[in-house]
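Structural overview for review
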Amino acid sequence: MKYSFLLILIAMLAASTEAAASSSTKRAGRAGEDLRLPRNILPRLYEVTLLPILSEGNFTTEGSVSISVDCIQATNNITLHIADILFNPADVTLTDLTTSQLVGISNVAEDKIRQFLVVTTNVQLLAGRQYRLSLTFTSILNNELRGFYRSSYNENGAVKYMAVSQMQPTDARRAFPCFDEPNMKANFTMKLGRLTTQLSTSNMPVKETTPIAGRPGYVWDLFETSFPVSTYLVGMMVSEFTYIDSPPGLSTTPFRIWTRPEAVSQAEYASRIGPQVLTFYEDYFQIPFPLPKQDMVALKDLSFGGMENWGMITYRETALLFDPVKSSESDKQRVTTVVAHELAHQWFGDLVTMDWWSDLWLNEGFASYLEYLGADFVEPEFGMIEQTIINDVQDVFGIDALESSHPISVEVNDPNEINELFDDISYGKGASIIRMLNKFLGEQSFRAGLTNYLNSKKYSNAVQDDLWAALTAQALTDNVSLPIDVRTIMNTWTLKMGYPIVTVVRDYAAQTAVISQARFLLRSNPNSTDQTVYRWWIPLTYTTDFNQPQKSSWIPYEQTAIQISNVGASNQWVIFNVDEVGFYRVNYDETNWNLIVSQLLSDFQQISLINRAQLLDDSLNIARVNALPYSVSLGLTQYLTKEQDYIPWMSALTGLSYLDLMYIRTAGYVEFKGYLTKLVTPLYDYVKFNDTVGDSHLLIYTRVTAVKWACKLQIGDCVSSSINFYQAWMNDPANPTIVPVNQKSTITCTAIANGGNAEWDFAFQRYLDSNVAAESSKLLFGLSCSTDPVVLQNLLEMSLDPNSGIRRNDASSVFINVGSNPVGRDLTFNFIQTRWSEMVAFFPSLYDLARIVDSVSEGFNTPTEVQELKQLQADHADELGTAARALDQSIERAESNVEWMSLHYQEVLDWIQQNP
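Note that the structure is predicted; figures quoted are calculated from it, not measured.

1. What about the overall build of the protein?
When helices and strands are tallied, the protein shows 29 helices and 30 strands. By the compact-globule yardstick of 29 Å for 916 residues, the protein fits well, its C-alpha radius of gyration being 28 Å. Judged by the C-alpha coordinates and their principal axes, the protein covers about 85 × 70 × 60 Å. Within the span of the protein, comprising 916 residues, buried residues form 58% of the whole. Long-range contacts, defined here as pairs at least 24 residues apart, represent 73% of the contacts in the protein between residues at least 6 apart. Of the roughly 33,500 Å² that the protein leaves accessible, carbon and sulfur atoms contribute 50%. Once the 65 positive and 102 negative side-chain charges of the protein are each reduced to a mean point, those two points are 3 Å apart.

2. What about the packing of helix α23 (residues 811-820) against helix α24 (residues 825-834)?
It is the contact of α23 with α24, at a shortest axis distance of 6 Å, that shows an interaxial angle of 140°. With respect to each other, α23 and α24 are oriented oblique. Regarding α23 and α24, the two cross each other, and that crossing is left-handed. Within the contact between the two elements, α23 uses Phe815, Val818 and Gly819 and α24 uses Arg825, Leu827, Thr828 and Phe831. A class-by-class count of the residues in the contact of α23 with α24 yields four nonpolar, two polar and one charged.

3. Comments concerning the sheet that holds strand β10 (residues 147-155)
Spatially, four strands are ordered β10-β11-β16-β13 in an open sheet, and the strand pairing comes out antiparallel. Of all the strands in the sheet, the pair left with one neighbour each is β10 and β13 (199-202). The mean inter-strand angle of the sheet, taken between neighbouring strand axes irrespective of direction, is 15°. Strand direction decides the pairing type here: β10 and strand β11 (residues 158-166), joined by nine bridges, are antiparallel. When the sheet's bridge partners are listed, Glu155 is paired in β11 with Ala158.

4. As for the packing of helix α15 (residues 646-663) against helix α29 (residues 884-914)
Running from N to C, α15 and α29 point in directions that differ by 95°, and their axes come no closer than 11 Å. It follows that α15 is roughly perpendicular to α29 by the angle criterion. Each of Tyr658, Leu659, Met662 and Tyr663 in α15 lies in contact with α29, whose residues at this interface are Ser896, Asn897, Trp900, Met901, His904, Tyr905, Val908 and Leu909. Among the residues making up the contact of α15 with α29, the classes are represented as nine nonpolar, three polar and no charged.

5. A word on the state of the cysteines
Applying the stated criterion to the full structure yields two disulfides. The disulfide partner of Cys711 is Cys718, and the S-S distance across this bridge is 2.1 Å. Every disulfide takes its handedness from the sign of the S-S torsion; for Cys711 and Cys718 that torsion is -90°, giving left-handed. The pair formed by Cys711 and Cys718 is uniform in burial state, with each residue classed as buried. By sequence-ordered numbering of the bonded cysteines, the protein has its disulfides arranged as 1-2, 3-4.

6. A look at the confidence of the model for the protein
Overall, the prediction assigns the protein a mean pLDDT of 94, with 96% of residues at 70 or greater. Note that residues 1-32 has pLDDT below 50 and, in this model, 38 contacts with residues that lie over four places away or in other chains.

7. Re the pattern of salt bridges
Taken as a whole and judged by the stated rule, the model has 41 salt bridges. Among the ionic pairs, Arg807 bridges to Asp301, the shortest N-O distance being 2.5 Å. Here Asp301 lies in the loop between β19 (294-299) and β20 (306-307) and Arg807 lies in the loop between α22 (789-799) and α23, a separation of 506 residues in the sequence. In this structure Asp301 comes out as buried when scored by relative accessible area, which is 7%. Between Asp617 and Arg585 there is a salt bridge; the shortest N-O distance is 2.7 Å. On the criterion of sequence distance, the pair formed by Asp617 in helix α13 (residues 609-624) and Arg585 in strand β30 (residues 585-588) is long-range, its members being 32 residues apart.

8. Here we look at the side chain of Thr121
For Thr121, the position within the fold is in strand β8 (residues 116-125). Take Thr121: its relative accessible area is 5%, and that puts it in the buried class. Engagement of the side chain of Thr121 in a polar contact is seen with the backbone oxygen of Val123, the distance being 2.6 Å. If near-sequence neighbours (up to four positions away) are discounted, Thr121 is found in contact with Asn76, Asn77, Leu94, Val103, Gly104, Ile105 and Ser106.

9. Points about the sheet that holds strand β3 (residues 75-81)
With respect to topology, three strands assemble into an open sheet ordered β3-β8-β7, the strand pairing being antiparallel. The open sheet terminates on both sides in strands that have one partner only, identified here as β3 and β7 (105-111). The average undirected angle you get between the axes of adjacent strands in this sheet is 20°. Looking at chain direction, β7 and β8 are connected through six bridges and run antiparallel. Each bridged residue has a counterpart across the sheet, and for Val108 the counterpart in β8 is Val119.

10. Description of the environment of Leu437
Positionally, Leu437 belongs in helix α8 (residues 424-441). In this structure, Leu437 is in contact with Phe446, Trp468, Leu471, Val486 and Met490, ignoring residues within four places of it in sequence.

11. Examining the packing of aromatic side chains
By the definition in use, this model includes 56 aromatic pairs. With centroids separated by 5.2 Å and ring planes inclined at 25°, the aromatic side chains of Phe227 and Tyr459 adopt a geometry described as stacked. With a gap of 232 residues between them, Phe227 in the loop between β15 (218-223) and β16 (236-239) and Tyr459 in the loop between α9 (443-457) and β23 (460-462) connect regions that are remote in the sequence. Look at Phe227 and you get partly exposed, because its relative accessible area is 30%. In this structure Tyr459 comes out as partly exposed when scored by relative accessible area, which is 27%. Measuring from centroid to centroid gives 5.6 Å for Phe280 and Tyr281, while their planes differ by 55°, and the two rings are tilted. Among the residues examined, Tyr281 registers a relative accessible area of 0% and is labelled buried. Ring-pair connections join several aromatic residues into one group, and the members of that group are Phe280, Tyr281, Tyr284, Phe285, Phe289, Trp347, Phe348, Trp361, Phe366, Phe377, Tyr453 and Trp468. For the cation-ring pair, Lys496 lies above Trp536, with the distance from its terminal atom to the ring centre recorded as 5.7 Å.

12. Some words on the environment of Asn391
You can see Asn391 is positioned in helix α6 (residues 384-400). By relative accessible area, Asn391 is classed as partly exposed at 31%. When the C-alpha positions of Asn391 and Thr95 are compared, they lie 53 Å apart, and in sequence the two are 296 residues distant. Those residues in contact with Asn391 that lie beyond four places of it in its chain are Gln333 and Tyr372.

What counts, and at which threshold
Residues numbered from 1 in each chain as written. Predicted model: local features only at pLDDT ≥ 70, side-chain atom pairs only at ≥ 80, totals over all residues. Heavy atoms only, no water. Helix = DSSP H or I, 4+ residues; strand = E, 2+ residues; numbered from the N terminus. Rg over C-alpha atoms; globule rule 2.2 N^0.38 Å. Buried < 20%, exposed > 50% of the residue type's maximum accessible area, 1.4 Å probe, protein only. Contact = heavy atoms within 4.5 Å. Areas by Shrake-Rupley, 256 points an atom, 1.4 Å probe, with all protein chains shown as cover. Lys, Arg positive; Asp, Glu negative; His and termini not counted. Charge placed at Lys NZ, Arg CZ, Asp CG, Glu CD. Axes fitted to C-alpha atoms, helices over the stretch in contact; angles between N-to-C directions. Parallel < 35°, antiparallel > 145°, perpendicular 65-115°, else oblique. Left-handed = near helix turned anticlockwise from the far one by under 90°. Nonpolar A, V, L, I, M, F, W, Y, C, P; charged D, E, K, R; others polar. Pairing = 2+ DSSP bridges. Disulfide = S-S within 2.5 Å. pLDDT = per-residue confidence, 0-100. Salt bridge = Lys/Arg side-chain N within 4 Å of Asp/Glu carboxyl O. Polar contact = N/O pair within 3.5 Å; in protein donor to acceptor, adjacent residues only side chain to side chain. Phe/Tyr/Trp six-rings, centres within 6.5 Å; stacked < 30°, edge-to-face > 60°. Lys NZ or Arg CZ within 6 Å of the ring centre and 35° of its normal.

Given below as structure tokens:
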């Protein structure tokens, strides 16, 4: 039965109102409910038919689904998932495929709290039999970036609508009724309806196209049946997009890049690197890509940067499209890494899928690790292997130093809990411990073990123990020296949160050292009830000479400390955690720190580039938690006046940015700014403002960083150069080459911060007119740099206005960017406090909103601000649900900032005054 759009809308609005009214009741009731599907019925084959209607006033999908299921255990009901779908219970049928007879149905009911559809039968379904469940339905093509949703773009002044899917993690149930759990894999035969002026794509190639009876101008695209796949990996799109085929010879798999017609010229870069990365992974895993084609789709609206639908990957435009004139080096790197990440998923996630969301890190951690290898293969100049430590290792150290962090592998059931796992722990920490695992196993054994694991679990699901077993077996085959099996080692890293600080105390006369482990915490809560024993199996590496082979040892889980001998002569430094391969920080006795500082000041290149970055990051953060005098960590930063490499500078500026946050609203900022200026000026003088032909990728990255800080600190000609470039662009807006593309973000920000309404209005109009998503994101950032509170308030208002021109998936960036502006921080937090209900309605997940709060409050460092955060949490405790953890982290960080101000504010200022 078909439903009119008006009836659908009335029904869904009523359901939405009811859901909102009883949200606290639902959340309270979930604790004792089983949110997982029973396992007595498992899907075998879906036949899904969807006809999206892309007309204003009638954004609906007419659909039907037939699911062939296996009865595993006798039962009298079939339970599956459904959400925001309308159907007539009388249209639900069940057929016994052995007898071809209909099975009587006594009841069809929805459990809206658990998003269940329960079909109860008159007779018992028999174990070993196959049945087919069928129903027709209608759903709304929502604009919430989930399920089968609608997106839009402008082309030649006209609005074009399209339908596209985003199923991960639990939104396939919004597209069609299904068994929406990752370990219920099945084959899919998709059938998509479209206008003849449109095209469609899905996981598999189109098998045939036929007219739709009774609908002139419409056709069905029937796709080939897929391999077994989880529901969250089903992809589909109906649009007026076009595509380009990748150049021949780069891969044995046909590759297409899909995009809106006006952006097709920006697809060329991805069309070249995508097939090469796929070929690299085929060789790396020694497993051919199993599907007959690979599509990659660039979307204006997507909740993730990319989504690994098997054979039909979707991306935000910023993550797939590259314009040779308007896109920067950082844009190119983003495209390269996201493409490499999503293609890695075609094996880790798609071919082999985690059994349940608790092991999401098996997907995301591996894809995050492998993206560096894939990107390095196609762009070796980018230095991606070295960038791992600043992008992942050191970055995730921040959140994992909180008591409110979480283990990599953690039990989840509620969809909100599942959404929470898509964070830096699953991605960054997952990648970091895999990198550590690779190093102590050795590359050859690591790769061979992965191949065995993938082959043994392909087309099915796995838990982390399956991986550990495969790697242990390979290590035994290769005679790899390990203190114990891989599972025992790695469980200490995946089943508990946090990470260790390794402290090295040397006996210089005996040339020995005591190496101890303890949990590194930003702030230790004296009232904590956590009974976890925080110890790890820690692979130690150390050296006194980077030109010689490193030495290695282990700290066993059972021991808090060990002693090692032959550490080095009394006048020689020792550095542990060579190339920061281990996921831990290192502290030393003060004598060893002083030896390291002396080496850096005399000849810093005797210490490896990565370890220079490690020393900067470790020392500044260890001092932050009061375990090292700031005189040591700041003394180490003095060598930066000679440093010219990107990786150490990024580590340093990340640590120094924390101090900047603490001082920027205090009387001491002038002195702190003076010290930063002393460090950054030589780097700015070295890289200059403008790019030159032949500059390397990382030199350009270094320049971008130096220019950003030089303009912030008002060094040299940085501000005047930015204003002059921007003014020239305003005088000739059609010329895309006036503003240096790699500095466009800083130039726009600086000009707007030092300008008025004319500069802001110009940037906003360029944002609206830009056909290049990467350029739009730079302009949107620049708009947040205004120093006029009224302008910033209006920008926040516009981000929630669907008619403002700011796209829905850019809204969170607006709040984060305005909140990072010293002028905009308080008004952003006030906006969140007073407009909470509007923001809850606007953002698909409360966790998204909690992340915004976390970013905006990063610099909170007064008791009053801590209390405001606690009040915000208390005011909305009933509706936060699992998003409460993100607010817990905000509060914990702010409390640690308050302690820092009490302990270290004057200490740092005193040192700066003594070292002008």
